[in-house]
Amino acid sequence: MSNAIIGIDKSGSYRVYAAVTTEMVGEAVRIHDTTPVASAALGRVLTAAGLMGIMLKSSEDKLTINFKGDGPAKQILATAHGDGTVKGYIANPYIELPLKENGKLDVSGAVGKGELTVIKDLGLREPYVGTVELVSGEIAEDLTAYFFISEQQNSSVALGVRVERDLSVGAAGGMVIQMLPGAEEGAVDALEKMLGGMEPLTAIINRIMENSPGLSESDIIMRMTEEIFAGMPDGYALQILEQRQIEWECDCSRERMARALATIGRDDLREIIEEDGKAELQCHFCLSSYEFSRQELEDILNSM
């Protein structure tokens, strides 16, 4: 089963990464119990991380997207691996903001002004780190700016999350189009025309689901990309190279938490043992809690 595609046009002018992430975003929203605007903000960042994850060459490669702004969201962070697994959190999941004048959720107001940092761990001695100022807080526009400024890559990023009246996620998805070296001018013109008239991704996904109830995300992503690129001239038609899966998965464990305790220093750990006699750590991503007894803390201390 796959909910993402990687494609390239016939002329080799542009590459496409696209995904339907309704189930993944819905899982994150359930875990973090987010308000609608927080759901939209977190969902966009998770979807973007998943798409950028499948751009990585190795399944073991990892990247982290970190939005830090002066808005009430404070921080939205997502980590993705090359195998398509994604996890993330929003520092303030209980944001309440009025809708914008157009009736849309105010994601930019939730994020505010600040910085976007992308960290890529590619198994080298030092990770790649790129930081840009936020353009708008709308996530997609900020990532478009990041690709251009930090990676010198002309890209178009579209992200969307539809939140229903019952606060569930009705539709979520994303698409990144990147121009390739030597791109033909005709392809650029055709893409600009297509993007200029394209509906929001969530509207397309929602319409597909309404017209064909019960479709899997694998079927929806294929129909979505077919519809979006249907009007491209034949010479620039999209060809699917690969189908991938993007899904929520938190890799936290008791062993990881024990290693985290070992990094706080002997004096601080000894103070916890003497004053509290135990410790409880919670994973930021999946909210799982891990409790360590006095004996376990002493074992960690002795092993340091």
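Computed from a prediction, not measured in an experiment: that's the story for all the values here.

(A) Expanded view of the environment of Thr 34. Mapped onto the fold, Thr 34 is located in the loop between helix 1 (22–32) and helix 2 (36–53). Separated by 134 residues in sequence, Thr 34 and Ser 168 place their C-alpha atoms 9.8 Å apart. Polar side-chain contacts of Thr 34 include one of 2.6 Å to the side chain of Ser 39.

(B) Local environment of helix 5 (residues 185–196). The terminal C-alpha atoms of helix 5, which comprises 12 residues, lie 17 Å apart, in line with the 16 Å expected from a rise of 1.5 Å per residue. Here helix 5 has its buried residues at Ala 187, Ala 190, Leu 191 and Met 194. Viewed end-on, helix 5 has its buried residues packed into an arc of 100 degrees, placing them on one side of the element. For helix 5, the exposed residues set more than 90 degrees away from the buried face come down to Glu 185, Glu 192, Lys 193 and Gly 196. As for helix 5, its buried residues are in contact with strand 2 (14–20), strand 9 (169–179) and helix 7 (217–228).

(C) Up close: the pattern of salt bridges. By the definition in use, this model includes 13 salt bridges. A salt bridge links Asp 251 to Lys 87, with the shortest nitrogen-to-oxygen separation between them at 2.6 Å. In this pair, Asp 251 sits in the loop between strand 11 (247–248) and helix 8 (254–262) while Lys 87 sits in strand 5 (residues 85–90), placing the two residues 164 residues apart along the sequence. Residue classification places Asp 251 among the partly exposed residues on the basis of a relative accessible area of 24%. A salt bridge links Glu 138 to Lys 100; the nearest nitrogen and oxygen atoms lie 3.0 Å apart. Taken together, the residues span a long stretch of sequence, with Glu 138 in the loop between strand 7 (128–133) and helix 4 (140–150) and Lys 100 in the loop between strand 5 and helix 3 (107–111) at a distance of 38 residues. Residue classification places Lys 100 among the partly exposed residues on the basis of a relative accessible area of 28%. What you see here is one network of salt bridges that share partners, running through Arg 44, Lys 100 and Glu 138.

(D) Spotlight on the sheet that holds strand 11. Read from one edge of the open sheet, six strands run 7-6-3-4-5-11, paired in mixed fashion. Each edge of the open sheet is held by one strand with a lone partner, namely strand 7 and strand 11. Where strand 5 and strand 11 come together, two bridges link them in parallel fashion. Bridge pairing links Val 86 to Trp 248 in strand 11.

(E) Region of the structure containing unusual backbone geometry. One non-glycine residue, Lys 74, lies in positive phi territory at about 70 degrees. You can see Lys 74 is positioned in the loop between strand 3 (62–69) and strand 4 (75–81). Classification of Lys 74 as exposed rests on a relative accessible area of 55%. Its identity as a non-glycine residue notwithstanding, Gln 152 has a phi of 50 degrees, on the positive side. Looking at the secondary structure, you find Gln 152 in the loop between helix 4 and strand 8 (155–163). Accessibility expressed as a relative area gives 62% for Gln 152, which makes it exposed.

Conventions and cut-offs
- Every chain is numbered independently, its residues counted from 1 as its sequence is written.
- Local features are withheld for residues below a pLDDT of 70 in this predicted model, meaning they are given only at 70 or higher, and side-chain atom pairs are given and counted only at 80 or more; totals for whole chains, interfaces and linings count all residues.
- Side-chain measures here rest on the full set of heavy atoms in the structure, leaving out hydrogens and waters.
- Numbering of helices and strands starts at the N terminus; helices are DSSP runs of H or I of at least 4 residues and strands are runs of E of at least 2.
- Whenever two N or O atoms come within 3.5 Å, that pair is a polar contact, provided that in protein one can donate a hydrogen and the other can accept it, and provided that, for residues adjacent in sequence, both atoms are side-chain atoms.
- Multiply 1.5 Å by the residue count of a helix minus one, and that product is the helix's expected span.
- Burial here depends on accessible area, computed with a 1.4 Å probe over protein chains only, as a share of the maximum for the residue type. Under 20% is buried, over 50% is exposed, and the range in between is partly exposed.
- This arc describes the spread of directions from the helix axis toward the C-beta atoms.
- Contacts are assigned to residue pairs that have any heavy atoms within 4.5 Å of one another.
- Take a side-chain nitrogen of Lys or Arg and a carboxyl oxygen of Asp or Glu: if they are within 4 Å of each other, that pair is a salt bridge.
- If DSSP finds at least two bridges between two strands, the strands pair.

Any functional reading would require information that these geometric values do not contain.
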